[in-house]
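If you want the building blocks of each chain, they are given just below.
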Amino acid sequence: RRDLNAPTSQRTFLDAQKAAIEEFAMNKNKREREFYSLDVGDSTFTVLKRYQNLRPIGSGAQGIVCSAYDQILERNVAIKKLSRPFQNQTHAKRAFRELVLMKCVNHKNIIGLLNVFTPQKSFEEFQDVYLVMELMDANLCQVIQMELDHERLSYLLYQMLCGIKHLHSAGIIHRDLKPSNIVVKSDCTLKILDFGLARTAATGLLMTPYVVTRYYRAPEVILGMGYQANVDVWSVGCIVAEMIRGSVLFPGTDHIDQWNKVIEQLGTPSQDFLMKLNQSVRTYVENRPRYAGYSFEKLFPDALFPADSDHNKLKASQARDLLSKMLVIDASKRISVDEALQHPYINVWYDPAEVEAVRFIQVFLFSQPPPKTLDKQLDEREHTVEEWKELIYKEVSEWEERAKNGVIRGQPSPLGELSL
Ligand code: AMP
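Residues numbered from 1 in each chain as written. Predicted model: local features only at pLDDT ≥ 70, side-chain atom pairs only at ≥ 80, totals over all residues. Heavy atoms only, no water.

With an unreviewed UniProt entry as reference, the protein chain is termed Stress-activated protein kinase JNK, source organism Nothobranchius furzeri. UniProt, in the comment section headed Sequence similarities (unreviewed entry), describes the protein chain in these words: "Belongs to the protein kinase superfamily. CMGC Ser/Thr protein kinase family. MAP kinase subfamily." Taken verbatim from the UniProt record of the protein chain, the Subcellular location (unreviewed entry) comment is "Cytoplasm". (UniProt positions renumbered as here; feature names shortened; annotations may be inferred.)

Trainee: Looking at this model, I keep getting lost on the pairing of strand 7 (residues 128-134). Mind explaining?
Mentor: With respect to burial, strand 7 is a largely interior element, seven of its seven residues being buried. Of the pairings in the sheet, the one linking strand 5 (residues 75-83) to strand 7 comprises seven bridges and is antiparallel in character. Residue Ala78 lies in a different strand from strand 7, and its bridge partner there is Met133. Judged from the four bridges that link them, strand 6 (residues 113-117) and strand 7 form a sheet pairing that is antiparallel. In the strand pairing of strand 7, Asn115 is matched with Val132. (Buried < 20%, exposed > 50% of the residue type's maximum accessible area, 1.4 Å probe, protein only. Helix = DSSP H or I, 4+ residues; strand = E, 2+ residues; numbered from the N terminus. Pairing = 2+ DSSP bridges.)

Trainee: In this structure, what is going on with helix 3 (residues 89-104)? I would like to understand it.
Mentor: Each α-helix winds once per 3.6 residues, and so residues spaced three or four apart point in a common direction. The terminal C-alpha atoms of helix 3 lie 22 Å apart, and with 16 residues this matches the ideal 22 Å at 1.5 Å per residue to within 8%. Of all the 16 residues making up helix 3, 14 are buried; the element is thus mostly covered by neighbouring parts of the structure. At the N-terminal boundary of helix 3, the capping side chain belongs to Asn88, with an oxygen 3.1 Å from the backbone nitrogen of Thr90. (Expected span 1.5 Å × (residues − 1). Polar contact = N/O pair within 3.5 Å; in protein donor to acceptor, adjacent residues only side chain to side chain.)

Trainee: Sorry if this is basic, but what is going on with a negative patch on the surface here?
Mentor: A contiguous patch of negative charge on the surface is contributed by Glu124, Glu386, Glu387 and Glu390. As for its position among the elements, Glu124 is in the loop between strand 6 and strand 7. (Patch = residues over 30% accessible without salt bridge, like charges linked within 9 Å, V, L, I, M, F, W, Y side chains within 5 Å. Areas by Shrake-Rupley, 256 points an atom, 1.4 Å probe, with all protein chains shown as cover. Salt bridge = Lys/Arg side-chain N within 4 Å of Asp/Glu carboxyl O. Lys, Arg positive; Asp, Glu negative; His and termini not counted. Charge placed at Lys NZ, Arg CZ, Asp CG, Glu CD.)

Trainee: Sorry if this is basic, but what is going on with the sheet that holds strand 9 (residues 182-184) here?
Mentor: The strands that make up a sheet are held in pairs by hydrogen bonds between backbone atoms, and each pair lies either parallel or antiparallel. Across the sheet, which stays open at both edges, the three strands sit in the order 8-9-10 with antiparallel pairing between neighbours. Looking at strand neighbours, the two that pair on one side only are strand 8 (138-139) and strand 10 (190-192), the edges of this open sheet. Pairing between strand 8 and strand 9: two bridges, direction antiparallel. Within strand 9, the residue paired with Ala138 across the bridge is Val184. Contacts from helix 5 (residues 150-169) reach strand 9 and strand 10, with the element oriented near 35 degrees to strand 10. (Contact = heavy atoms within 4.5 Å. Axes fitted to C-alpha atoms, helices over the stretch in contact; angles between N-to-C directions.)

Trainee: Even after reading the chapter, I still don't get the side chain of Lys81, so can you show me in this structure?
Mentor: In this structure, Lys81 sits in strand 5. There is a polar contact of 3.4 Å between the side chain of Lys81 and the side chain of Ser43. Only 2.6 Å separates the side chain of Lys81 from the backbone oxygen of Thr44, close enough to count as a polar contact. Beyond its immediate stretch of four places on either side in the chain, Lys81 contacts Ser43, Thr44, Phe45, Gln62, Gly63, Ile64, Asp128, Val129 and Tyr130.

Trainee: Explain helix 10 (residues 279-286) to me, please; I cannot follow it from the model alone.
Mentor: Buried within helix 10 are the following residues: Val281, Arg282 and Val285. Along the long axis of helix 10, the arc covered by the buried residues comes to 100 degrees, so they all point the same way. Exposed side of helix 10, more than 90 degrees from the buried face: Gln279 and Ser280 are the residues found there. Turning to helix 10, the residues buried within the fold contact helix 8 (255-266) and helix 9 (271-274). (Arc of directions from axis to C-beta.)

Trainee: Got a minute to help me understand the site of the ligand in this structure?
Mentor: In the vicinity of the ligand lie 17 residues, with Lys80, Glu134, Met136, Asn139 and Ser180 positioned nearest. In the environment of the ligand, a nitrogen atom lies 2.8 Å from a nitrogen or oxygen atom belonging to the backbone of Glu134. Ser180 has a polar backbone atom sitting 2.7 Å from an oxygen atom of the ligand. Residue contributions to the shell around the ligand peak at three residues, all from strand 3 (residues 51-59). (Near = heavy atom within 4 Å.)

Trainee: Which parts of the structure should I look at to understand the sheet that holds strand 7?
Mentor: Reading across from one edge, 3-4-5-7-6 is the order of the five strands in this open sheet, with antiparallel pairing throughout. Since the sheet does not close on itself, it has two edges, and those belong to strand 3 and strand 6, each with one partner. This sheet shows a mean twist of 25 degrees between the axes of neighbouring strands, independent of strand direction.

Trainee: Whenever I open this one, the side chain of Gln62 confuses me. Can you help?
Mentor: Here Gln62 lies in the loop between strand 3 and strand 4 (64-70). Judged by relative accessible area, which is 11%, Gln62 ranks as buried. Only 3.4 Å separates the side chain of Gln62 from the side chain of Arg94, close enough to count as a polar contact. Residues in contact with Gln62, not counting those within four places in the same chain, are Lys80, Lys81, Leu82, Ser83, Arg94, Ala95 and Glu98.

Encoded structure:
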């Protein structure tokens, strides 16, 4: 009754408020109708109805990944659930970094994000983030078990290097490349799944019970030294070596054992390397038994390669030569990504459009600092759980807006099927 007696301006205000409440309730209902839930292992996925036939395909430090069919894009996709990504610094930094960097990176050897959403209706209720990506067929762990010919092996290696070069050009040094973070399709195309360690990443302690794989980490990471872009070349060397051998090259049980496995095979590094270590690490390294190491002919004998033709013999010796230049303990003597791309084993695939693709989505450069400094700035951030929640929510909301237009990527491969 008071409303009716109120002056016109106040009535208009009250009407507007009522309309806003009704709209909110309508949106809430609409949103509820857009989603459905289903159990995947121990977790519940609540996804947009456009995504059907969910099946678990993997899990990592951040959560479970499902394959699904997207009825709108009419293609299969991968959906990763990040549960409460703001719950601690490690999860939050990684999720936020991933969401921001994904916007700056656009390369066929880096996984593309197709959609991002949260099923929760408001900031207060905000819990989970779902990332929708291009679906690939398998990760490299599965490919390692296969016998690959030189064509496929060198093509996979070439694509890893192209993806890494692109990350480097965006100021992102990965430092944690491993077979589980690299995915392939049966047509032999390859994509890197993540952006690796933040510069100040807590390496694993907060991520239990998830076990951190260290087999592929370079000596400068294991020994806590400064690092350059070619820190990622070491990891690629370890991955390729594993594809040739069929087993992990340096299967250390912990940080210390990791170093033992490296020097047992490659030999104790020279004095000038030891001089680069800080005092306590140097004392430890100097007190290890001395190893002479093995030649690359011993580490990767002909028998590991297909050797039925002169062509294959040549390729095997080229592959071995490249490995001997990648798996160098002292980073100052290790090959760079560019040099690796020019190596005879790899340069058969060289295509400037793939190697030199430094295309960033321009629109974001207006609102973000240039990519080269972006990763550094992201890394320096320290926030409370509530602040992280707000930052991540804002990123997700922006993506939800963007995703209405949908971004699809994917190019055909020059090679035939890889039967996965
Ligand atoms: P992540 O949580 O990103 O470490 O992914 C864990 C695992 O899920 C990977 O090792 C892959 O086996 C699988 N996976 C993740 N994303 C994809 C994708 N886009 N396509 C196919 N498999 C994927």
